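# Secondary and tertiary structure notes
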Amino acid sequence: MSSSSSSIPTSEVPEAEMAARAQALVSGFHSVMRRISAVASPDRSVRLVAVSKRKPASDIQALYNATKHTHYGENYSQELFEKAPVLPSDIQWHFIGTLQTNKCKQLASSIPNLWAVESLDASKKADALNKGRAALLEKNPDAQKLRVFIQVNTSGEESKSGCEPSDTLELAKHIIEKCPHLTLQGFMTIGDIARSKESEVPNEDFILLSKTRDEIAKSLGRETNTLELSMGMSEDYEQGIKLGATNVRVGTSIFGARPQKEDAAAKKDVQTPMP
Ligand SMILES: *Cc1c(COP(=O)(O)O)cnc(C)c1O
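Here's what I pulled together on the structure shown here. It should be emphasised that the depicted structure is a prediction, and the values quoted were computed from it without experimental measurement. (Residues numbered from 1 in each chain as written. Predicted model: local features only at pLDDT ≥ 70, side-chain atom pairs only at ≥ 80, totals over all residues. Heavy atoms only, no water.)

Further remarks concern the overall build of the protein chain. The number of helices and strands found in the protein chain is 11 helices and 8 strands. Of all 275 residues assigned to the protein chain, the portion counted as buried reaches 45%. Partitioning the contacts of the protein chain with sequence separation of at least 6, the portion at a separation of at least 24 is 61%. (Helix = DSSP H or I, 4+ residues; strand = E, 2+ residues; numbered from the N terminus. Buried < 20%, exposed > 50% of the residue type's maximum accessible area, 1.4 Å probe, protein only. Contact = heavy atoms within 4.5 Å.)

Okay, structure coming up:
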């Protein structure tokens, strides 16, 4: 039995609490899976990426143990560097956050089970990822090429990262021609959530991403269905699927609300005196 005088770490969570947490995660996961099957067409499979950012590794381990689900998404490279080595090696990680050039090489080389980077938006970053994956493949010839999705800024908001739709073909060609250790898997958008909430009109971001993919497939002489669409989060993944998504990224509906990062930033602003 643990007591305050024992050496048991204080972070140890009681078993009943852990079981209850696992139960909640599994139930959230199955409810999302059911809603996905309800809208997906039988001829197109949809991959669920469970977005675990700012959630503990123990949550991922619990969900993995109970469901054998392997696709998880992370937004912060530091968090991924910490979680990947302590979790099962058959997890298929997706990096979905803002991609910094100086983190690309390490992401691609040090995490063999990084399955995809979904937020690629510049050729310089593609080169760095390619170099990192080359280093990994040299050590470990059984490792896979790194899949990449080009993140497209479909909403034109300056605050959103992503490649401009008109620059996307050039980046796609760069990946195919200059980056032999990467595979162009498809396109990703975050989009403007407000557009998904206007239930009368289909989300323009999702339509633009799909149109961009179709045009690029045509220019590259590839079948449309060889290039995926990653679109839809907790609030709008059903809409994403209706508009052609093959990959959805869902966090809150599985793991619950996250602590607001903005809170810390807002506090800091208040404490910083004006010059
Ligand atoms: C956080 C995040 C998600 C998941 O968002 P939820 O609303 O929690 O489902 C999906 N995609 C990206 C790029 C994210 O940053």
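Let's shift gears to the site of the ligand. In the vicinity of the ligand, the residues found are V51, K53, N75, I96, I190, M233, S234, R249, V250, G251, T252 and R258. One nitrogen or oxygen atom from the side chain of R249 is found 2.9 Å from a nitrogen atom belonging to the ligand. Note that an oxygen atom of the ligand is positioned 2.8 Å from one of the backbone N or O atoms of G251. In the complex, 91% of the free accessible area of the ligand, which totals 390 Å², lies under the protein chains. By residue class, the composition of the shell around the ligand is 5 nonpolar, 4 polar and 3 charged. (Near = heavy atom within 4 Å. Polar contact = N/O pair within 3.5 Å; in protein donor to acceptor, adjacent residues only side chain to side chain. Areas by Shrake-Rupley, 256 points an atom, 1.4 Å probe, with all protein chains shown as cover. Nonpolar A, V, L, I, M, F, W, Y, C, P; charged D, E, K, R; others polar.)

To continue, consider the packing of aromatic side chains. Evaluated as defined, the whole model comprises 1 aromatic pair. Both rings, one in Y72 and one in W93, keep their centres 6.3 Å apart while their planes meet at 55 degrees; by these two values the pair is tilted. Of this pair, Y72 sits in strand β2 (residues 71-74) while W93 is found in strand β3 (residues 92-95), placing the two residues 21 residues apart along the sequence. As far as burial versus exposure is concerned, Y72 and W93 are alike and both buried. (Phe/Tyr/Trp six-rings, centres within 6.5 Å; stacked < 30°, edge-to-face > 60°.)

The quantities given are spatial measurements derived from coordinates; they are silent on function.
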